[in-house]
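Notes for the structure review
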Amino acid sequence: MLKHHKWKLFFVAMSANLALIASLAVADLKLLAEINWLDVLSEGGAAALALVWLVLILHSRPTGRVTQYLSLGLSGIFLAGFQDLLDEFIRFPDAVQWDHWIESGCMPIGLYFLTLGIYHWHKEQLSINAQLRKRERLFREHRSMDFTTNLSGADYLRKQLTQTLPEHRHATNTLALLLIDVDNFNEINRCYGHQQGDHLLQSLSELILLSIRRNDLLCRYAGDRFALILPNTGRVVAEKMASEISMLVQHFAYKTFTQDESLFHSVSIGVALTSIDSSTPDSAESLIERANLALLHAKEKRRMAMQQAA
Amino acid sequence: MSHNLHTAYEDVSPTYKPGKYFEIDTSFIPAHQWPSTMIDLALSRGMEEHKLLRGTGIFFEDIATNNLQLTPQQCFQLIKNMQKHSHSQEFSFLLGHQIFSAPAHPTTHHNPTTHHSTISHEKNNLHNSDNLQQALDVLLAQQIQWMPLLNLRSVYEQDRLVIYWQDACGAETTQIFLLEMMFTALNSLTRWRSGESYPWEFYLTHKKPDYIEQYDVHLNSNVQFSSQTNAMAIARDYLHRPWKINHSDQFASNSPIESHTSTALEFQRGFLAETYTYLQNNIRHNPNLEQTAVDFGMSNASFKRKLKKHHSHFQAQYDLARRDLAIMWLSQKGWTNEQVAKKLHFYDVANLRRAFKKWTGKLPQAIEKMG
């Protein structure tokens, strides 16, 4: 990421250098005994930290307006601190005023831009949250994120279910869990390589994300199996959504890397709902188990139908 | 393989002499086969090359040269390194799907001319088998080329065929990875060739893991953990069901066999597996450490050292061999405790019971089918 920002870093380094050269040109070095080391430590430390923040920000962020503001702000704070530090080593003649200007000017300007940057960062984060909402639902754990699809994995699914299920015990509405399995997925891996397979999974996950509601959560269960939590959803709606997803996938013309070839797929979906009978409350495991069973049945049904058709 | 077992309780058969075995530090596993697939997968999942190869003594550049041969130890280390990746639980299963299926686009490390050598011809056989029985025959005959780190035995038990998978040369913790990989591989092969998912039953000695979802998806849920042995079983009906003709294979069945052969071909099996086989086949001689060492052509101390190098010791191997015989005799042959005790050279039935309880956690009468 840093190489996209090399001009910004170059600008900061140049400014600091210019300040140093200009200071040395107009003033004399202090004697060793005159230097207040406590001040050096605190002012130097502040400048160094501002620099560390700048590098971290530049390292983790793509270019754009927010990054521009943040880096301008932190650069200003750094330059102010740096000039302050130079003061500790260099005695400026009274006639020279510009060093004060750098010190007192850069700081408020820097703080202004930093504030502006953080404000826009906040706005940006809100809009990213809105996008991530269907993937993470109010709880963030970057370690559980799946490498292929950027969805959370089965661990996260179990955690979410364990958290959500008690709420549903008292509510009248059920929670639905859908397990979505791509039919003949291994054919893709076999014929086109596993990178193509990974890409297909990623595309399918985006596709499914588009067709679910704000409060639903999509996870990657394992392999080519996705899990979809539908809170406050009865059987009718759950099955409607399942058939919608199934139709969506059937009409999705997936393009392979190498040829202008379109591949069409189908999915089998297993639906499980929390039991309304409060004497046998569902655990995450039992719900997943039932959804897995329903999925096996759906696959079997599909196979029978295919055989009859053929 | 199974005929060795049957000789074990026929007193007329001659003493079994150990065959040629490989050790944990024998270089014979061609790096461009499954190890290279493994490395490709880890790299494609964002693992760094130096972390993946750390401590293995493998240089990335050498893999491409196509004549690099790895030791089992290097493979184990490679697996251990892979397992440090944050999403490593699915690796063994993903690899399993690739083991028996030739990729249509060979990976970059493969030199196409030599890649077509021995192994691709055998893949051919496996791919063009007409049914499961044929495929298993090919697999059993060529197991050293496919997966030398696990030793396979197939045994008919009543109405089903059971394939036992056993540590060949000291896999330790990586055995679970290897089992997951090979179970998935065979399941994936039968599914691909038959067009339906076969009702395999899987038995694994380790406890049910946290990442149970991988088993659900890749092995169709029919898995029993904390079992006595690592095995997979299928009803005999499935052995001869015809498979569709494989059109998709890029290699024609008459593809030329090239002279290039891997050194793997000279070996019978891994050192531990050979010790186990020796002990089982010579059980009527009541084998001990001294005699076994002599038959393996070395001193007591050397034999002990060799077992230690493979993370085992004589008693462990002997117990394992006797345990499996006892289970087989009790459950398959329907022998009485007295008969088993006598065959295994126990002083009396009480001693057998005590030993059996120690080996399996159960009493002999609790053993019916494998479980």
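Residues numbered from 1 in each chain as written. Chains lettered and ligands numbered in written order. Predicted model: local features only at pLDDT ≥ 70, side-chain atom pairs only at ≥ 80, totals over all residues. Heavy atoms only, no water.

**Quick notes on helix α6 (residues 185-192) of chain A**
What sets the pattern is the α-helix's 3.6 residues per turn: residues three or four places apart point alike. Formally: A 1.4 Å probe rolled over the protein chains alone gives each residue an accessible area, and that area as a share of the maximum for its type sets the label: buried under 20%, exposed over 50%, partly exposed in between. The numbering of helices and of strands both runs from the N terminus, where a helix is a DSSP run of H or I of at least 4 residues and a strand a run of E of at least 2. Contact between two residues is taken to exist if any of their heavy atoms lie within 4.5 Å; hydrogens are not considered.
Every buried residue of α6(A) is accounted for by Phe185(A), Ile188(A), Asn189(A), Arg190(A) and Tyr192(A). Where α6(A) is buried, its residues touch β3 (176-182), α7 (194-210) and β7 (262-263) of chain A together with α11 (174-194) of chain B. Remark: Gly193(A) follows α6(A) within two positions and exhibits a positive phi of approximately 90°.

**Considerations on the sheet that holds strand β7 (residues 223-224) of chain B**
Residue and element names in this part refer to chain B. Our working definition: What makes two strands pair is DSSP finding at least two bridges between them. An axis is simply a line fitted to the C-alpha atoms; with a helix, the fit covers only the stretch in contact. Between two such axes, the angle follows the N-to-C directions and lies from 0 to 180 degrees.
Here five strands make up an open sheet; going across it, the order is β4-β5-β8-β6-β7 and the pairing mixed. Strand pairing shows two members of the sheet lacking a second neighbour, β4 (150-157) and β7, which therefore form its edges. Bridge count between β4 and strand β5 (residues 160-167): eight bridges; the pairing is antiparallel. By the bridge assignment, Ser154 is partnered in β5 with Ile163. Where helix α9 (residues 132-141) meets the sheet, it contacts β4, β5 and β8 (231-235), and its direction lies at approximately 140° from that of β4.

**Here we look at the sheet that holds strand β5 (residues 225-230) of chain A**
Residue and element names in this part refer to chain A. A sheet is described by the order of its strands in space; here four strands give the open sequence β4-β5-β3-β8, paired in antiparallel fashion. One side of each edge strand has no neighbouring strand; the edge strands of this open sheet are β4 (217-222) and β8 (267-273). Pairwise comparison of adjacent strand axes, ignoring direction, gives a mean angle of 25° for this sheet. Across six bridges, β3 lies against β5 in antiparallel orientation. By the bridge assignment, Leu178 is partnered in β5 with Leu228.

**A closer look at the nonpolar core**
Residues and elements named next belong to chain B. What counts, and what does not: Side-chain atoms within 4.5 Å link the members of a nonpolar core, which is a set of buried Ala, Val, Leu, Ile, Met, Phe, Trp, Tyr and Cys residues.
If you look at the biggest cluster of nonpolar residues, it comprises 73 residues, and the most contacted ones within it are Phe100, Trp165 and Leu186. Top contributing element to this core by residue count: α11, with 10 residues. Leaving out residues up to four positions away in the same chain, Trp165 has contacts with Leu150, Asn151, Leu152, Leu179, Met182, Phe183, Leu186, Asn230, Ala231 and Met232. Among the nonpolar cores identified, the runner-up in size contains 33 residues, and Tyr16, Tyr318, Trp335 and Leu352 belong to it.

**Here we look at the packing of helix α2 (residues 34-44) of chain B against helix α5 (residues 72-82) of chain B**
Residue and element names in this part refer to chain B. As a reminder of what qualifies: Here the word oblique covers every angle except those under 35 degrees (roughly parallel), over 145 (roughly antiparallel) and from 65 to 115 (roughly perpendicular). In a left-handed crossing the near helix is turned counterclockwise from the far helix by less than a right angle, and in a right-handed crossing that turn is clockwise. Polar here means any residue other than Ala, Val, Leu, Ile, Met, Phe, Trp, Tyr, Cys and Pro, which are nonpolar, and Asp, Glu, Lys and Arg, which are charged; Gly is therefore polar.
One way to put it is that α2 packs onto α5 with a least axis distance of 11 Å and a crossing angle of 15°. In terms of orientation, α2 lies roughly parallel with respect to α5. Here α2 runs over α5; the crossing is left-handed. Contacts between α2 and α5 pair Trp34, Pro35, Met38, Ile39 and Ala42 from the former with Cys75, Leu78, Ile79 and Met82 from the latter. Grouping the constituent residues of the contact of α2 with α5 by class yields nine nonpolar, no polar and no charged.

**Structural notes on the pattern of salt bridges**
All names here are of chain B. Convention followed: We define a salt bridge as a side-chain nitrogen of Lys or Arg found within 4 Å of a carboxyl oxygen belonging to Asp or Glu.
Within the structure shown, the criterion is met by 29 salt bridges over all chains. Between Glu23 and Lys306 there is a salt bridge whose closest N-O contact spans 2.7 Å. In this pair, Glu23 sits in the loop between β1 (21-22) and β2 (29-30) while Lys306 sits in helix α15 (residues 300-309), placing the two residues 283 residues apart along the sequence. Each of the two residues, Glu23 as well as Lys306, counts as buried.

**Quick word on the packing of aromatic side chains**
Using the following cut-off: To pair, rings of Phe, Tyr and Trp, with the six-membered ring standing in for Trp, must have centres within 6.5 Å; the planes then decide the type, stacked if under 30 degrees apart, edge-to-face if over 60, and tilted in the middle. Think of it as a cone above the ring: NZ of Lys or CZ of Arg counts as a charge over the ring if it is within 6 Å of the ring centre and within 35 degrees of the ring normal.
Tallying each qualifying case throughout the model produces 27 aromatic pairs over all chains. A centroid spacing of 6.0 Å and a plane angle of 85° characterise the contact between Phe92(A) and Trp98(A), whose relative ring orientation is edge-to-face. According to the relative accessible area criterion, Phe92(A) is buried, its value standing at 14%. Judged by its relative accessible area of 29%, Trp98(A) falls in the partly exposed class. Joined through ring pairs, the aromatic side chains of Tyr21(B), Phe271(B), Tyr278(B), Phe296(B) and Phe303(B) make up one cluster. The cationic tip of Arg193(B) hangs over the ring face of Trp192(B); the distance from NZ or CZ to the ring centre is 6.0 Å.

**Structural notes on the interface of chain A and chain B**
Stated formally: Each of two parts loses accessible area, computed with a 1.4 Å probe, when they are put together; buried area is these two losses added. Throughout this description, a polar contact denotes any pair of N or O atoms lying within 3.5 Å of each other; where both atoms belong to protein, one of them has to be capable of donating a hydrogen while the other can accept it, and for residues adjacent in sequence the pair is counted only when both atoms sit in side chains.
Listed per partner, the contact involves 24 residues of chain A and 23 residues of chain B. Of all residues in chain A, Phe147(A), Arg190(A) and His194(A) bury the most surface against chain B, accounting for 31% of the area lost on that side. At the boundary of chain A and chain B, one finds four salt bridges. Its salt-bridge partner being Glu213(B), residue Arg158(A) comes within 3.0 Å of it at the nearest N-O pair. Seen at the junction of chain A and chain B, the total is eight residue pairs in polar contact (both at pLDDT 80 or more). Looking at the side of chain A that touches chain B, the elements with two or more residues in it are α5 (154-170), α6, α7, β4 and α9 (284-309) of chain A. By residue number, the principal contributor to the side of chain A that touches chain B is α6(A), which donates five residues. Residue composition of the side of chain A that touches chain B, by class: seven nonpolar, seven polar and 10 charged.

**Thoughts on unusual backbone geometry**
Located in the positive-phi region is Asn232(A), a residue other than glycine, with phi close to 50°. Here Asn232(A) lies in the loop between β5 and α8 (235-250). Note on Asn232(A): relative accessible area 46%, which makes it partly exposed. Positive phi outside glycine occurs at Gln158(B), with the angle close to 50°. Gln158(B) sits in the partly exposed class, given a relative accessible area of 45%.

**Looking at the pairing of β5(A)**
Residues and elements named next belong to chain A. The buried fraction of β5 amounts to six of the six residues, a majority that puts the element mostly inside the structure. Going residue by residue along β5, you find Arg225, Ala227 and Ile229 tucked away on one face and Phe226, Leu228 and Leu230 tucked away on the opposite face as well. Pairing geometry for β4 and β5, over five bridges, is antiparallel. Directly across from Ala222, in β5, lies its bridge partner Arg225. Counted along the chain from β4 to the antiparallel partner β5, the turn is two residues long, and its residue Gly223 has a positive phi close to 50°.

**Examining the confidence of the model for chain B**
Residues and elements named next belong to chain B. How we decide: Known as pLDDT, the predictor's per-residue confidence is scaled from 0 to 100.
In the predicted model, chain B carries a mean pLDDT of 83, and 84% of its residues have values of at least 70. Counted against residues more than four places away or in other chains, residues 1-10, with its pLDDT under 50, gives 25 contacts. Note on residues 103-123: pLDDT is under 50 here. Beyond four places in sequence and across chains, it has 42 contacts.

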